[in-house]
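The lines below spell out each chain.
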Amino acid sequence: MKSLFALVALAVVASASPIDGEQVPFALESFPGFSLDLSAQRLVEMQGQPPVWMSELEKIQAKQRGIKFFDITDTRDLGTVPRLQAKASFPSPNATEKVKPILKTLSTKGPEENLREFTSFRTRHYRSDTGRQSQVWLKKRISEITSEWGSKSLQNKIKISEFSHSWGQNSVIARINGSSTTDDGVIIIGAHQDSTNMWPFLPAPGADDDGSGSVTILESYRALLAADFHPVRSIEFHWYSAEEGGLLGSQAVAQAYEGHVNVIAMSQFDMTAWVKRGTREEVGLIMDFVDLPLTEFNKQLIDLYLDIPWVETKCGYACSDHASWRKAGYPSSFTIESTFENSNKNIHSANDRIDVSDEFSFLHMLEFSKLAVAFAVELGSVSN
Ligand SMILES: *[C@@H]1O[C@H](CO)[C@@H](O)[C@H](O)[C@H]1NC(C)=O
Ligand SMILES: *[C@@H]1O[C@H](CO)[C@@H](O)[C@H](O)[C@H]1NC(C)=O
């Protein structure tokens, strides 16, 4: 497969011919259904290095080599605005009476149906037509769930919106307004809706990365509505665009919130389905580049509310959307399907499918829906 990618890439580069000393923007013609110009220059930040300019093609090649980065072309100021509020602390979970009944209502049915639909798009690449279509479908599904499961009084507190991006696929935000008049805190639960193949123009069903996280948090949202949970603090569910392009969507949203929205905590769900054969089923708690008190809080939630244990693991710099919130100065955490080493190796390929192996588990995903519900209810029920 590697050599096929190289061949395709070479063919693309070869088709670019200089006219009047300028590169032809070949990608538009070469790949119908995409608006990805491989020669476009982007500003990229890798761990411990000053930002560097590189082309979209060089970004793809860096990703193929396993290098993680922020594409900061449109968000150069992220992290430079001072915080308005003091960081919140995370007391031990104590809303057991509220959380436990909601956990019983979580199901694998919705996530299975939703993920079958979500993976039926050829790719959810953020610069593809089908990536825009999958986003429109996702927003429609969130709206349907809201009217089907939300009481009228709860629906009046909910807003579902698109956060617009220049590349076509928008991030989607569902907000449940809190009832407090004194606490302006916001709790964020996130996943990324986009998918990619290592070579972006090839099919990318993205069942685990991150279709799984996307439908996991959607099921949590459904259960909160079904329980008629009216939060004290506002709760937002975010489905980011363009995580695979260097955390583009989450950086744009974090930049818009920075300095004026009081984000108490952000929890990222990226890959929640895979249980590697022969391993113990567990929740991977990312320990590097996260807020440690919030991660300790997640540990307590897992001990109290889940049927499987946690295990500490690491995923490196800029490895998912929580990193954008950390950069903005907000407490953020990331939980994943297993240790990083035991995670799904089919991602970024046409094989990131539901039916590729019985290691893909909707019951495993359900544990993560429990975690998102517990996170929302425990942090959304209190006020300062
Ligand atoms: C749980 O703890 C929070 C924070 O300390 C507190 O505000 C809240 O009243 C407690 N809730 C219950 C049900 O004890
Ligand atoms: C939610 O609260 C914000 C801020 O108080 C307000 O501007 C907005 O209209 C509210 N939205 C809904 C749907 O109630």
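Note that the structure is a prediction, hence the values are computed from the model and not measured.

1. Focus on the site of ligand 1
- Neighbouring ligand 1 are the residues Pro91, Asn94 and Val382.
- At a separation of 2.5 Å, an oxygen atom of ligand 1 approaches a polar side-chain atom of asparagine 94.
- Its free accessible area being 370 Å², ligand 1 has 37% of it covered by the protein chains.

2. So, the UniProt feature "domain: Peptidase M28" (unreviewed entry) in the protein chain
- Here the UniProt-annotated "domain: Peptidase M28" (unreviewed entry) positions come out as residues 172–365.
- From the first C-alpha to the last, residues 172–365 spans 21 Å; its make-up is 28% helix and 20% strand.

3. Points about the sheet that holds strand 2 (residues 52–55)
- On the basis of which strands lie adjacent, the open sheet formed by 3 strands has the order 2-1-3 and antiparallel pairing. In the strand order of this sheet, the two ends are held by strand 2 and strand 3 (69–71), each with one partner. When the angles between neighbouring strand axes are averaged without regard to direction, this sheet yields 45 degrees.

4. With respect to the confidence of the model for the protein chain
- Predicted confidence across the protein chain gives a mean pLDDT of 93, with 92% of residues reaching 70 or more.
- Scored below 50 in pLDDT, residues 1–29 shows 29 contacts in the model against residues more than four places distant or in partner chains.

5. Some words on the layout of surface pockets
- By volume, the second largest pocket amounts to about 210 Å³.
- Along its surface, the second largest pocket is lined by Ser107, Lys109, Gly110, Glu113, Asn114, Arg141, Ile145, Glu148, Trp149, Leu218, Glu219 and Arg222.
- Breaking the lining of the second largest pocket down by element, the ones donating at least two residues are helix 5 (109–118), helix 6 (129–149) and helix 8 (207–226).
- Taken together, the residues of the lining of the second largest pocket break down into 3 nonpolar, 3 polar and 6 charged.

6. A look at the environment of glutamate 58
- Within the secondary structure, glutamate 58 is located in helix 3 (residues 56–64).
- Classification of glutamate 58 as partly exposed rests on a relative accessible area of 39%.
- The sequence separation of glutamate 58 and serine 39 amounts to 19 residues, and the corresponding C-alpha distance is 8.7 Å.
- A polar contact is formed between the side chain of glutamate 58 and the backbone nitrogen of serine 55, at a distance of 2.8 Å.

7. Remarks on the packing of helix 5 against helix 6
- Taken N-terminus to C-terminus, the directions of helix 5 and helix 6 make an angle of 160 degrees; their axes are 11 Å apart at the nearest point. With respect to their mutual orientation, helix 5 and helix 6 come out roughly antiparallel. Between helix 5 and helix 6 lies a crossing of right-handed hand. Of the residues in helix 6, those in contact with Asn114, Glu117 and Phe118 of helix 5 are Ser134, Trp137, Leu138, Arg141 and Ile145.
- Here the contact of helix 5 with helix 6 is built from residues that sort into 4 nonpolar, 2 polar and 2 charged.

8. A word on the pairing of strand 9 (residues 283–286)
- Residues of strand 9 alternate between two faces, with Val283 and Leu285 on one and Gly284 and Ile286 on the opposite face, all of them buried.
- Following the chain from strand 9 across helix 10 (residues 292–305) to the adjacent parallel strand 10 (residues 310–313), one finds a crossover that is right-handed.
- Bridge count between strand 9 and strand 11 (residues 332–336): 2 bridges; the pairing is antiparallel. Note on strand 11: the bridge partner recorded for leucine 285 is threonine 335.

Thresholds applied
Residues numbered from 1 in each chain as written. Chains lettered and ligands numbered in written order. Predicted model: local features only at pLDDT ≥ 70, side-chain atom pairs only at ≥ 80, totals over all residues. Heavy atoms only, no water. Near = heavy atom within 4 Å. Polar contact = N/O pair within 3.5 Å; in protein donor to acceptor, adjacent residues only side chain to side chain. Areas by Shrake-Rupley, 256 points an atom, 1.4 Å probe, with all protein chains shown as cover. UniProt positions renumbered as here; feature names shortened; annotations may be inferred. Helix = DSSP H or I, 4+ residues; strand = E, 2+ residues; numbered from the N terminus. Pairing = 2+ DSSP bridges. Axes fitted to C-alpha atoms, helices over the stretch in contact; angles between N-to-C directions. pLDDT = per-residue confidence, 0-100. Contact = heavy atoms within 4.5 Å. 1 Å grid on protein atoms, 1.4 Å probe; cavity = no way out; pocket = protein on both sides within 12 Å on 5 of 7 lines; lining within 4 Å. Points joined across faces, edges and corners; volume = space filled by probe spheres on them. Nonpolar A, V, L, I, M, F, W, Y, C, P; charged D, E, K, R; others polar. Buried < 20%, exposed > 50% of the residue type's maximum accessible area, 1.4 Å probe, protein only. Parallel < 35°, antiparallel > 145°, perpendicular 65-115°, else oblique. Left-handed = near helix turned anticlockwise from the far one by under 90°. Right-handed = clockwise from strand over helix to strand, strands pointing away.

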